[in-house]
Amino acid sequence: MSVPYETAAYEPSESPESPEEHLARLLGRALNSFELPDDTLRRLDCALAHDGSLHSAHHSAGLHRETYRHTWLLADGSALTLWELVHNTTPGSEPQHEVYVDEEELRAATARLPLPADTPDFELPVLAQLSPIAAPRHTYVPDGSADHARRLLRRAENADRPGAEMAALLATAAAHQITQAFGRPARAGRAGLSFSLYEHAFLLRGGEEISLWEVEHTATPDGRHMCEVYASEDAARRAMERRAAQIS
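Computed from a predicted model, the values in this text were never measured in an experiment. (Residues numbered from 1 in each chain as written. Predicted model: local features only at pLDDT ≥ 70, side-chain atom pairs only at ≥ 80, totals over all residues. Heavy atoms only, no water.)

Chemist: Would you take a moment to explain the overall build of the chain for this structure?
Modeler: Of the regular secondary structure elements, the chain holds six helices and nine strands. Long-range contacts, defined as pairs at least 24 residues apart, comprise 60% of the intrachain contacts of the chain with a sequence gap of at least 6. Carbon and sulfur atoms provide 52% of the accessible area of the chain, an area that totals close to 13,200 Å². (Helix = DSSP H or I, 4+ residues; strand = E, 2+ residues; numbered from the N terminus. Contact = heavy atoms within 4.5 Å. Areas by Shrake-Rupley, 256 points an atom, 1.4 Å probe, with all protein chains shown as cover.)

Chemist: Is there a simple way to think about the sheet that holds strand 8 (residues 209–217) in this case?
Modeler: Hydrogen bonding along the main chain pairs the strands of a sheet, whether they run parallel or antiparallel. The strand order across the open sheet formed by four strands is 6-7-8-9, and the pairing between neighbours is antiparallel. The open sheet has two free edges, formed respectively by strand 6 (173–181) and strand 9 (226–230), since each of these has just one partner strand. On average, adjacent strands in this sheet sit at an angle of 25 degrees to one another, irrespective of strand direction. Of the strand pairs in this sheet, strand 7 (residues 195–204) and strand 8 are connected by nine bridges, and their pairing is antiparallel. Looking across to strand 8, one finds that Leu197 is bridged to Val215. Together, strand 6, strand 7, strand 8 and strand 9 form the strand contacts of helix 4 (residues 145–155), whose direction differs from that of strand 6 by roughly 50 degrees. (Pairing = 2+ DSSP bridges. Axes fitted to C-alpha atoms, helices over the stretch in contact; angles between N-to-C directions.)

Chemist: What is the right way to look at helix 6 (residues 233–247) in this model?
Modeler: Each full turn of the α-helix corresponds to 3.6 residues, which orients residues three or four apart in the same direction. Compared with an ideal rise of 1.5 Å per residue, which puts 15 residues at 21 Å, helix 6 spans 21 Å between its outermost C-alpha atoms and is within 8% of the ideal. Buried-residue contacts for helix 6 involve strand 7, strand 8 and strand 9. (Expected span 1.5 Å × (residues − 1).)

Chemist: Even after reading the chapter, I still don't get the pairing of strand 9, so can you show me in this structure?
Modeler: Working note: regular strand, side chains alternate between the two faces of the sheet. With five of its five residues buried, strand 9 lies for the most part within the structure. By the alternation rule, side chains of strand 9 split into Met226, Glu228 and Tyr230 and Cys227 and Val229, which are all buried. Pairing analysis gives five bridges linking strand 8 to strand 9, with the strands arranged antiparallel. Paired with His217 across the strands is Met226, a residue of strand 9. (Buried < 20%, exposed > 50% of the residue type's maximum accessible area, 1.4 Å probe, protein only.)

Chemist: Explanation requested: the pattern of salt bridges in the structure shown.
Modeler: Between side chains of opposite charge, a pair can form when the charged atoms approach closely. Tallying each qualifying case throughout the model produces nine salt bridges. Arg237 is the partner of Glu233 in a salt bridge, and the nearest nitrogen-oxygen pair spans 3.1 Å. Residue Glu233 and its partner Arg237 are both found in helix 6; the two are separated by four residues, about one turn of the helix. Given the relative accessible area of 25%, Arg237 is considered partly exposed. Here the salt bridges do not stand alone but share partners, grouping Glu103, Glu104 and Arg107 into one network. (Salt bridge = Lys/Arg side-chain N within 4 Å of Asp/Glu carboxyl O.)

Chemist: Would you mind showing me how to read the environment of Leu153 here?
Modeler: Considering the arrangement of structural elements, one finds Leu153 in helix 4. Excluding residues that lie within four positions of it along the chain, Leu153 makes contacts with Arg161, Pro162, Ala167, Leu170, Leu212 and Val229.

Chemist: It is not clear to me how the side chain of Ser211 should be interpreted in this structure. Could you clarify?
Modeler: Looking at the secondary structure, you find Ser211 in strand 8. A distance of 2.6 Å separates polar atoms of two side chains, one belonging to Ser211 and the other to Glu199. (Polar contact = N/O pair within 3.5 Å; in protein donor to acceptor, adjacent residues only side chain to side chain.)

Chemist: Any chance you could explain the confidence of the model for the chain here in plain terms?
Modeler: Low pLDDT means the predicted atomic positions in that stretch should not be read closely. In the predicted model, the chain carries a mean pLDDT of 79, and the fraction of residues at 70 or more is 79%. Throughout residues 1–15 the model reports pLDDT below 50, and contacts reaching past four residues in sequence, or to other chains, amount to 27 contacts. Confidence drops under pLDDT 50 across residues 121–132; counting only partners more than four residues distant or on other chains, this segment forms 24 contacts. (pLDDT = per-residue confidence, 0-100.)

Chemist: Just to check I follow, could you spell out the environment of Tyr100 for this structure?
Modeler: Mapped onto the secondary structure, Tyr100 falls in strand 5 (residues 96–100). In the structure, Tyr100 is positioned 64 residues away from Leu36 in sequence and 7.3 Å away in space, judged by C-alpha atoms. Within the local environment of Tyr100, its side chain forms a polar contact with the side chain of Glu98, the two groups lying 2.4 Å apart.

Chemist: Where do I start with the side chain of Thr81 in this structure?
Modeler: Tracing the backbone shows Thr81 in strand 4 (residues 79–87). With relative accessibility at 18%, the residue Thr81 sits in the buried group. Dropping the residues within four chain positions of it, Thr81 is found in contact with Arg69, His70, Thr71 and Val101.

Chemist: Can you help me understand the environment of Leu197 in this one?
Modeler: As for its placement among the helices and strands, Leu197 is situated in strand 7. Along the chain, Leu197 and Gln180 lie 17 residues apart, while their C-alpha atoms are 5.9 Å from each other. Those residues in contact with Leu197 that lie beyond four places of it in its chain are Thr179, Gln180, Ala181, Trp213, Glu214, Val215, Glu233, Ala236, Arg237 and Met240.

Chemist: For this particular structure, what's the right way to read helix 4?
Modeler: All of the buried residues in helix 4 are Ser145, His148, Ala149, Leu152 and Leu153. The buried residues of helix 4 all sit within an arc of 130 degrees when viewed along its axis, so they share a single face. The secondary structure elements touched by the buried residues of helix 4 are helix 5 (164–170), strand 6, strand 7, strand 8 and strand 9. (Arc of directions from axis to C-beta.)

Written as structure tokens, this is what we have:
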């Protein structure tokens, strides 16, 4: 009989694994892991998060076959998937694990299994087309990101800057990207008044994305530069409007 992949059991490790540990465990049990391209393994070196789930299963006449989808989120914002095939069709009925880089290889390997003639052809369920990890909105750089977040919050001078809870979240930042957001406040204020708005986007190790919005301006009594940091773009732009109105 065929087992719907929604209800078939998938046995994760007892405790949360890092992306590196998840990959090492997969490669350690796969008989053909040495066949994986070097480029694939190099890309996985920068994995930030991972997800593993049962994709499909078939049990018939004491034989079984399951396929698993393992997806890693990489620092450049892309996702990489490896397909694991598990079956007991070899002498001794011990489970055998194989790993493949694409669906065509997986189909070919499944077709070679000596399963009963009534075993249905392998088909990818429609739901499997949905990535278990959402693609990030930014192209991130893994370069001292947690320290960058700490320094950004430390130099913020506004009293309503993000607090300890945000700082704790950003302590797990694995990568970040800085981009400038354009647009001046509606009130220009005095001559020479300047505002700059930057988005500091952070990718956490669990795949979550968080942005802080930095306002740099000279809307101060003596014209000196001031840095303020906010948790949303709207809050940052309202602060720009407020500062421009106060100094005009």
